[in-house]
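Structure at a glance
Here is what each chain is made of, one letter per residue.
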Amino acid sequence: LAAGNAIGVILLVGVVLGTFFLFWSILARFRSVVRDKALAFGLHSIRSHVPFFVVMTTLFLLIIFAPSLVERVVRVVIPQIWYSAQSNAWYDRIFSVLGFIFYSYALAGVIAVALAYVKDGTRSFRSFLVKPMRYLHFLIANVLYTIGLIIGSVLLLFPAAWFGAKFFFWPYIILEGDVPFWEAFKRSATMTRGAKKELFLFWYLTVAITFLGIIILGIGYLIAFPVVMLASAYVYREMSKPKTRDS
């Protein structure tokens, strides 16, 4: 049994690494100055400020797993509530909703920190504290964006990829511009016009980097995640500059 599990893990790691390097080779045929600079910026920033970004990622993880921790505490401290709630559908729904709310706030905080750092090198956890109304618009936009991705995935991969690329920058626009979610979607659609293929390839690369970080004993995630967030914020900064891009 142990040998079988070991073989399964080795095969899984092999598939992930193989997929990563295959996709990397495909990306090499579609070179992008912005993408290359973004990743280089993310890596250099992490090397220069490892403690700050590791703490930031740890804070992100603590927030998104907070509802699960609360659920475990309830299970241990008040088992009567736990066992009676297990038979009720509302219990799981409550913690699912709480999980998404906490995740959205943590994501908003990390993006805000990344935006501040890319803008002028600011490293402050105060940026993590997103204003209530700004977060409300962020949360609503995240719900709509997630629903859109799910619907697109059910239809086929292409609609999801097109939708994800078109509205790729809505989080950054809300957090930086302090605009309502519908305006953020509108501005993102304008910014990404003619650049959807490049943004999809960039997004796919960031997913590959994140998974690569996870399979390295999970520790690699503490480095891979901030690299991805900084690189994404860098791409947003570059594409939000007033300039003419080829369609």
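We now examine the overall build of the protein. Within the protein, the regular secondary structure consists of 12 helices and zero strands. Traced from its N-terminal end to its C-terminal end, the protein shows the element sequence α-α-α-α-α-α-α-α-α-α-α-α. Of all intrachain contacts in the protein linking residues separated by at least 6 positions in sequence, the fraction that spans at least 24 positions is 73%. By element, 71% of the accessible surface of the protein is carried by carbon and sulfur atoms, the whole surface being about 14200 Å².

Moving on: helix α10 (residues 181–191). Restricting attention to buried positions, one finds in α10 the residues F181, A184, F185, S188, A189 and M191. Viewed along the axis of α10, the buried residues span an arc of 160°, placing them on a single side of the element.

With that settled, the discussion passes to the pattern of salt bridges. Counted under the stated rule, the structure contains three salt bridges. Between R237 and E176 there is a salt bridge, and its shortest N-O distance comes to 2.1 Å. In this pair, R237 sits in helix α12 (residues 221–240) while E176 sits in helix α9 (residues 170–177), placing the two residues 61 residues apart along the sequence. The exposure class of R237 is buried, given its relative accessible area of 17%. Across the pair R187 and E183 runs a salt bridge whose closest N-O atoms are separated by 3.1 Å. Within this pair, R187 and its partner E183 are both found in helix α10, separated by four residues, close to a single helical turn. Look at the salt bridges and you will find they share partners, linking E183, K186 and R187 into a network.

Turning our eyes to something else, we now look at the environment of F41. By the secondary structure assignment, F41 is in helix α2 (residues 33–48). Judged by its relative accessible area of 22%, F41 falls in the partly exposed class. The contacts of F41, once residues within four sequence positions are left out, are Y117, V118, L230 and Y234.

So, on to helix α3 (residues 50–64). The first and last C-alpha atoms of α3 sit 21 Å apart over 15 residues, in line with the 21 Å expected at 1.5 Å per residue. Along α3, the residues classified as buried are F52, F53, M56, T57, F60, I63 and I64. Down the axis of α3, the buried side of the element spans an arc of 130°, and every buried residue falls inside it. Facing away from the buried side of α3, by more than 90 degrees, are the exposed residues P51 and L62.

In this section: the side chain of R134. Looking at the element boundaries, R134 is found in helix α7 (residues 132–155). At 2.7 Å, the side chain of R134 and the backbone oxygen of L175 are in polar contact.

A cluster of nonpolar side chains, namely I94, V97, L98, I101 and F102, defines an oily patch on the protein surface of about 360 Å² accessible area. Along the chain, V97 turns up in helix α6 (residues 89–120). Judged by its relative accessible area of 48%, V97 falls in the partly exposed class.

Here we take up the packing of aromatic side chains. For the structure shown, the criterion picks out 21 aromatic pairs. Aromatic pair F41 and Y117: ring centres 5.9 Å apart, planes at 50°, arrangement tilted. Highlighted residues: F41 in helix α2 and Y117 in helix α6, separated in sequence by 76 residues. Ring geometry for F60 against F225: centres 4.6 Å apart, planes inclined by 20°, an arrangement best described as stacked. Note that F60 is positioned in helix α3 and F225 in helix α12, a separation of 165 residues in sequence.

Here we take up the confidence of the model for the protein. Residues shown with low pLDDT carry predicted positions that ought not to be read at fine detail. Of all residues in the protein, 75% have pLDDT values of 70 or greater, and the mean over the chain is 79. The secondary-structure element of the protein with the lowest mean pLDDT is helix α1 (residues 2–28), recorded at 57, while α10 shows the highest, at 91.

Remark: helix α11 (residues 196–215) packs on α12, axes separated minimally by 7 Å, with the N-to-C direction vectors making an angle of 165°. If you check the angle between α11 and α12, you find them roughly antiparallel. At the point where α11 passes α12, the crossing takes the right-handed sense. Counting all contacts with α11, which are made through L199, F202, T206, I209, T210, G213 and I214, the residues of α12 involved are Y221, A224, V228, A231, S232, V235 and M239. Of the residues belonging to the contact of α11 with α12, the class tally is 10 nonpolar, four polar and no charged.

The rules behind each value
- Residues numbered from 1 in each chain as written.
- Predicted model: local features only at pLDDT ≥ 70, side-chain atom pairs only at ≥ 80, totals over all residues.
- Heavy atoms only, no water.
- Helix = DSSP H or I, 4+ residues; strand = E, 2+ residues; numbered from the N terminus.
- Contact = heavy atoms within 4.5 Å.
- Areas by Shrake-Rupley, 256 points an atom, 1.4 Å probe, with all protein chains shown as cover.
- Buried < 20%, exposed > 50% of the residue type's maximum accessible area, 1.4 Å probe, protein only.
- Arc of directions from axis to C-beta.
- Salt bridge = Lys/Arg side-chain N within 4 Å of Asp/Glu carboxyl O.
- Expected span 1.5 Å × (residues − 1).
- Polar contact = N/O pair within 3.5 Å; in protein donor to acceptor, adjacent residues only side chain to side chain.
- Patch = residues over 30% accessible without salt bridge, like charges linked within 9 Å, V, L, I, M, F, W, Y side chains within 5 Å.
- Phe/Tyr/Trp six-rings, centres within 6.5 Å; stacked < 30°, edge-to-face > 60°.
- pLDDT = per-residue confidence, 0-100.
- Axes fitted to C-alpha atoms, helices over the stretch in contact; angles between N-to-C directions.
- Parallel < 35°, antiparallel > 145°, perpendicular 65-115°, else oblique.
- Left-handed = near helix turned anticlockwise from the far one by under 90°.
- Nonpolar A, V, L, I, M, F, W, Y, C, P; charged D, E, K, R; others polar.

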